[in-house]
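Summary of structural features
Residues per chain, in single letters:
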Amino acid sequence: MDILEQIRQRAAATPQHIVLPEGNDPRTVFAAAACTQRRLARITLLGDEATIRETAEREHIDLGGVEVLDHRRAPDFEKMVSFFHDLRRAKGMMADEARTTLMDPLYYGNLMVRTGRADGSVAGAPNTTSHTVRAALLCIGVQAGFKLVSSFFLMSLRDSSFGHNGAMIFADCGVVIDPTAAELAEIAISSADSCRVLLGVEPRVAMLSFSTKGSAKHKLVDKVVEATRTVRARSSELEIDGELQVDAALIPSVAQAKAPGSSVAGRANVLIFPDLQSGNIGYKLTERLAGATAIGPILQGLDKPANDLSRGCKAEDIVDAVAITAVQAQARKATN
């Protein structure tokens, strides 16, 4: 059973309430019906109800069991406007601006998550990552103890000898362009938590560089070394090592030669890239050359689950994102 099927089964075991704010996109309508039929989650679909019903009729989609809500006409819309205004008043937001912003279903949907009316949200099929992440940040906020929202890809490899039966976490490949050492440390800690939640195993985190254990000297290497030191100070129980070249992180024979005695080298299941360029290139190379499946980007560091989609996604990708968001919501409830 691959990692995605495991996640789907875990989502179905304790269904969560997930809001899909992009109901005017036919892919989202398909996904809402599929999630409901497979009992992966309880779905609320936001958008113009007439448009959604027309799409369902035209495409022969059964929306039985899916809540369809035109949030602009919702009985609590003005209450949500007031709540959002109070939330953002200190930042200079006026009441009229709050009302205009909440006409955007991404903001209303994430406020549903913030206020406990939904357990998570999934968006980004027709919207950009920057817009999707901004709506989540402004409405849900950052997790306590953190300052940063980042992302990761769940990689499912054909070769099960890597990671956890072929499943690995790659971060950050989608959000933080050039993290400082402190930010890189936060990405590592968040990614370790994501490994526990989605892979169900203890993380072994490799902090990647073009150097292994001082084999090269450069300020870019220093950043990775400092980030590793910061993680160890903040999360002393975490298995982490760096700086490591990627072959030392993944291949036991190389690890033995380059980083003898490391508990992570040659066994890593979480790879932390030093910046977005290397992360984005790394996951795409793995996807295209190794035939891996790349699931994401999945957001981490938010106070409650909200996830982004690629604008080129298929309906089935949205279904998988819902399942992942549901499992994140289950884990969040278990720790509260």
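Our subject is the structure that appears above.
This structure is a prediction, so every number in the text was calculated from the model and none was measured. (Residues numbered from 1 in each chain as written. Predicted model: local features only at pLDDT ≥ 70, side-chain atom pairs only at ≥ 80, totals over all residues. Heavy atoms only, no water.)

1. Some thoughts on the sheet that holds strand β7 (residues 204-208)
- Across the sheet, which stays open at both edges, the six strands sit in the order β8-β7-β9-β6-β5-β10 with mixed pairing between neighbours. On the outer flanks of this sheet lie β8 (239-244) and β10 (293-300), each paired with one strand and no other. Averaged over all pairs of adjacent strands, the angle between their axes in this sheet comes to 20°, without regard to strand direction.
- Summarising the sheet, β7 and β8 pair through five bridges and their orientation is parallel. (Pairing = 2+ DSSP bridges. Helix = DSSP H or I, 4+ residues; strand = E, 2+ residues; numbered from the N terminus. Axes fitted to C-alpha atoms, helices over the stretch in contact; angles between N-to-C directions.)

2. Overview of a nonpolar patch on the surface
- On the surface, I281, L285 and L289 cluster together into a nonpolar patch covering about 330 Å² of accessible area.
- Mapped onto the elements of the fold, L285 is located in helix α12 (residues 276-289).
- Given a relative accessible area of 44%, L285 falls into the partly exposed group. (Patch = residues over 30% accessible without salt bridge, like charges linked within 9 Å, V, L, I, M, F, W, Y side chains within 5 Å. Areas by Shrake-Rupley, 256 points an atom, 1.4 Å probe, with all protein chains shown as cover. Salt bridge = Lys/Arg side-chain N within 4 Å of Asp/Glu carboxyl O. Buried < 20%, exposed > 50% of the residue type's maximum accessible area, 1.4 Å probe, protein only.)

3. Quick look at the environment of K258
- Mapping K258 onto the fold places it in helix α11 (residues 252-258).
- According to the relative accessible area criterion, K258 is partly exposed, its value standing at 32%.
- Distance from K258 to I177, taken between C-alpha atoms, is 29 Å for residues 81 residues apart in sequence.
- If we ignore the near neighbours within four places in the chain, the residues touching K258 are T212, K213, Q245, D247 and A248. (Contact = heavy atoms within 4.5 Å.)

4. Re empty space enclosed by the protein
- What the rule picks out here adds up to one cavity of 30 Å³ or more.
- If you trace the largest cavity, you find it lined by P21, L106, N110, S121, A123, T132, A136, L299, A306 and N307.
- Secondary-structure elements contributing two or more residues to the lining of the largest cavity are α6 (105-114), β4 (120-123), α7 (129-139) and β11 (306-308).
- Its residues placed into classes, the lining of the largest cavity shows six nonpolar, four polar and no charged. (1 Å grid on protein atoms, 1.4 Å probe; cavity = no way out; pocket = protein on both sides within 12 Å on 5 of 7 lines; lining within 4 Å. Points joined across faces, edges and corners; volume = space filled by probe spheres on them. Nonpolar A, V, L, I, M, F, W, Y, C, P; charged D, E, K, R; others polar.)

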